[in-house]
Amino acid sequence: MAKIRTRFAPSPTGYMHVGNLRTALYSYLIAKKDGGDFILRIEDTDRERLKEGAMDIIYDTLRETGLNWDEGPDVGGDFGPYIQSERKTIYMEYAQKLLQSGHAYCCFCTKERLESLHTEAGGIAKYDGHCRDIPLDEALERVRNGEPYVIRQKMPREGTSSFTDAVFGYVEIDNSELEDQILIKSDGYPTYNFANVIDDHLMGITHVVRGNEYLSSTPKYNLLYDAFGWERPVYVHCSPVMKDQHAKLSKRNGDASYQDLIAKGYISEAVLNYIALLGWSPKGEEEKFTLAEMTQVFDIGGISKSPAIFDPEKLRWLNAEYIRAMSDEQFHEAALPFIRQTVKSENADTRLIAKCLHQRTEVLGEIGAQIDFIDTLDDYPVDLFVNKKSKSTLESSKAMLEAVIPALEALPNWEQDTIHECLIGMAQSMEVKNGLLMWPVRIAASGRTVTPGGAVEMLGILGREESLRRLRKGLEKIG
RNA sequence: GGCCCGGUGGUCAAGAGGCCUAAGACUCCGCCCUUUCACGGCGGCAACACGAGUUCGAAUCUCGUCCGGGUCACCA
């Protein structure tokens, strides 16, 4: 069997949404599973929607996620150019062939006429084939005279067309449903519908992976393949990723793009892993996969037909799994920029902070809220010292702090082990539960009931001087 | 509206006529661990859209209904 070749063909609109990325992922996986090639092609035939910097977003996203392409605009390849606007003459050449073979015709209808066709029909109307039967030589003459025109595909008006999709199975449609769609626009550029087919064939694409909004127009593409006598590709149509039951995930809805998720502190691998699971399920029960593992286990048969709703909760969980699986060193590196947004103090021990945060962090961007008491201790209500689980009362808290402060002052160093030994030892000799002693210490140190670590860790992070200052202040507060 | 596609817990989903008294994961709840919160461990709640068929037997096949999505551009 011939080598598998798939492509990802985004248009540079400046936004890489999650559904797009997933399509890229599936394309990549289908090719790589069988040692095939993954090609990047840019579809920029809509000259009005070009966006500055959009190409970089595409490149960066694919690179960061590891979806490396074998051929593309920047790396070249044997089937270039890989940017459609640079292939303009190619499309015209093939459109001419269709004109000659009678599978296409020149249409001189004005936009106004087409619009009136729609308004007369109350909004929805197919092109009426007004120019369909203009003899070719007459049409060509009018073209030479400079009359504006488009080239349309001549659809059969009877019979049916069918194909078998790799995920949806057998699909059949009446040819009468097909419109004489435009192949070449009046500006000389091809429409997506045409460029896509020409490029996919010329680039040797064997598996076309795309959103299922193309499912019902696939027969049109097939007719084009047939007209040229080309072999049809395997189609893999994927249902969309939804925001909710009714709406797709989209920029319009203000939904997160890949870039947004990364900025919020999601891990690239986790995002990729999660979207793989949206609409595809592996054979076994394992859900966590590296890209390399996915390449092994991916199977077209596991792609589901129904749309999948993007679940931020599950992404969050998976992200946390990836974070927990990091070494302390890796986590420190990943978390440092986020820690530094909140903790400015130069002598803060970011390694210790990171160690505390590690198992408690699901999304890196949420680190700040956990540790903003480190630089400054806000005023806090005195009744935080009262807690029923540890049986803490104002009286007990006062007694504990009074005992703990001098003991800590006398410590030879401020290592975690030393502090821990000291505090636990005191609880024992005073014959109280650890919690009763630890509670007021942690409250005084942080001014909070919830902290990323226990009393010992908090003292360690704050350092001797600041710790003692806060403990004394706490004692004062209780009065 | 015509045509195409889909419909298993709140979400992602397994399921290919008997193995289904319907897996697993996320969420949620309870318990344990514990120096708070997490992590971890254990347990729990929760679904075959509806109605007819076919069959000894249907989540699985057929038809209809309902619901949802897509498509009908000189956008991709």
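What you see is a predicted model, and the numbers here were worked out from it, not measured in a lab.

Trainee: Please give an account of the pattern of salt bridges that cites residues and values.
Mentor: Counted according to the given criterion, the structure contains 27 salt bridges. The salt bridge partner of D200 is R7, with a shortest N-O separation of 2.8 Å. Note that D200 is positioned in helix α6 (residues 192-202) and R7 in strand β1 (residues 5-8), a separation of 193 residues in sequence. The pair D200 / R7 is uniform in exposure class, with both members buried. Residue R41 is joined to D200 by a salt bridge in which the shortest nitrogen-to-oxygen separation is 2.9 Å. Taken together, the residues R41 in the loop between β2 (37-40) and α2 (54-65) and D200 in helix α6 connect sequence positions 159 residues apart. A single burial state applies to R41 and to D200, both of which are buried. Salt bridges sharing common partners tie together R7, R41, E43, R87, D199 and D200.

Trainee: An account of the sheet that holds strand β4 (residues 150-153) is needed here, citing residue identities and associated values.
Mentor: With antiparallel pairing, the 3 strands of this open sheet are ordered in space as β3-β4-β7. Taken across any chain shown, the strands that pair with only one partner, and hence form the sheet edges, are β3 (104-107) and β7 (182-184). Sheet twist, expressed as the mean angle between neighbouring strand axes with direction ignored, is 40 degrees. Sheet analysis places β4 next to β7, joined by 2 bridges and oriented antiparallel. Within β7, the residue paired with R152 across the bridge is I182.

Trainee: Could you give me a rundown of the layout of surface pockets, with the residues and numbers involved?
Mentor: Counted as a void, the largest pocket has a volume near 1,100 Å³. Every element with two or more residues in the lining of the largest pocket is listed here: β1, α1 (18-33), α2, α6 and β8 (207-211). In terms of residues, the lining of the largest pocket owes the most to one element, α1, which gives 4 residues. Counted by class, the lining of the largest pocket contains 17 nonpolar, 15 polar and 12 charged residues.

Trainee: Describe the confidence of the model for chain A, and please don't skip the residues or the numbers.
Mentor: The predicted coordinates of low-pLDDT regions are not to be read in fine detail. Confidence along chain A averages 92 in pLDDT terms, with 99% of residues attaining 70 or more. Taken element by element, the predicted model of chain A shows its lowest mean pLDDT in helix α4 (residues 111-120) (83) and its highest in β1 (97). Predicted complex metrics record ipTM = 0.93 and pTM = 0.92.

Trainee: I'd like a description of the packing of aromatic side chains, backed by residues and values.
Mentor: This model, assessed by the stated rule, comprises 14 aromatic pairs. Considering the side-chain rings of F163 and Y235, the 5.7 Å spacing of their centres and the 70 degrees angle between planes classify their relative orientation as edge-to-face. Separated by 72 residues along the polypeptide, F163 in strand β5 (residues 160-165) and Y235 in strand β9 (residues 234-238) bring together distant segments of the chain. A relative accessible area of 6% places F163 in the buried class. Ring centres of F228 and W230 lie 4.2 Å apart, and the angle between their planes is 15 degrees; this geometry places the pair in the stacked category. Judged by its relative accessible area of 14%, W230 falls in the buried class. A cation sits over an aromatic face here: K88 above Y189, 4.4 Å from the ring centre.

Trainee: Hey, could you go over the nonpolar core for me, with residue numbers and the actual values?
Mentor: Ranked by internal contacts, the top residues of the largest apolar core, which has 104 residues, are L25, L67, L408, L423 and L471. Per-element tally for this core: the top contributor is α1, with 9 residues. What L471 contacts, discounting residues up to four positions off in sequence, is L401, V404, I405, L408, V441, A444 and L459. Formed by 38 residues, the second largest nonpolar core is a distinct cluster that contains L98, A104, F163 and L215.

Trainee: Describe the protein's contact with RNA strand B, with residues and values.
Mentor: As a structural note, the neighbourhood of RNA strand B is formed by 67 residues, with K185, E287, R360, R442 and G453 the closest of them. The protein-proximal atoms of RNA strand B, defined as those within 4 Å of the protein, are 68% sugar or phosphate. At 3.1 Å, a backbone N or O of I309 approaches a phosphate oxygen of RNA strand B. T451 has a polar backbone atom sitting 2.8 Å from a base nitrogen of RNA strand B. Sorting the residues of the surface near RNA strand B by element identifies α4, β6 (169-174), α6, β11 (308-309), α11 (312-324), α17 (434-446) and α18 (455-462) as the ones contributing at least two each. Of the residues in the surface near RNA strand B, the class split is 24 nonpolar, 22 polar and 21 charged.

Trainee: Just give me the short version of the environment of D70, but keep the residues and values in it.
Mentor: Among the secondary structure elements, D70 is positioned in the loop between α2 and α3 (88-101). Looking at D70, the relative accessible area reads 35%, which means it is partly exposed. Expressed as a C-alpha distance, the spacing of D70 and Y94, which sit 24 residues apart in the sequence, is 26 Å. Here the side chain of D70 touches K32 through a polar contact of 2.8 Å, side chain to side chain.

Trainee: Describe the side chain of N387, and please don't skip the residues or the numbers.
Mentor: Within the fold, N387 resides in the loop between α14 (367-371) and α15 (394-409). Residue classification places N387 among the buried positions, given a relative accessible area of 18%. With residues near it in sequence (within four places) discarded, N387 still touches S392 and W439.

Reading the values: rules and limits
Residues numbered from 1 in each chain as written. Chains lettered and ligands numbered in written order. Predicted model: local features only at pLDDT ≥ 70, side-chain atom pairs only at ≥ 80, totals over all residues. Heavy atoms only, no water. Salt bridge = Lys/Arg side-chain N within 4 Å of Asp/Glu carboxyl O. Helix = DSSP H or I, 4+ residues; strand = E, 2+ residues; numbered from the N terminus. Buried < 20%, exposed > 50% of the residue type's maximum accessible area, 1.4 Å probe, protein only. Pairing = 2+ DSSP bridges. Axes fitted to C-alpha atoms, helices over the stretch in contact; angles between N-to-C directions. 1 Å grid on protein atoms, 1.4 Å probe; cavity = no way out; pocket = protein on both sides within 12 Å on 5 of 7 lines; lining within 4 Å. Points joined across faces, edges and corners; volume = space filled by probe spheres on them. Nonpolar A, V, L, I, M, F, W, Y, C, P; charged D, E, K, R; others polar. pLDDT = per-residue confidence, 0-100. Phe/Tyr/Trp six-rings, centres within 6.5 Å; stacked < 30°, edge-to-face > 60°. Lys NZ or Arg CZ within 6 Å of the ring centre and 35° of its normal. Core = buried A, V, L, I, M, F, W, Y, C linked by side-chain atoms within 4.5 Å. Contact = heavy atoms within 4.5 Å. Near = heavy atom within 4 Å. Polar contact = N/O pair within 3.5 Å; in protein donor to acceptor, adjacent residues only side chain to side chain.

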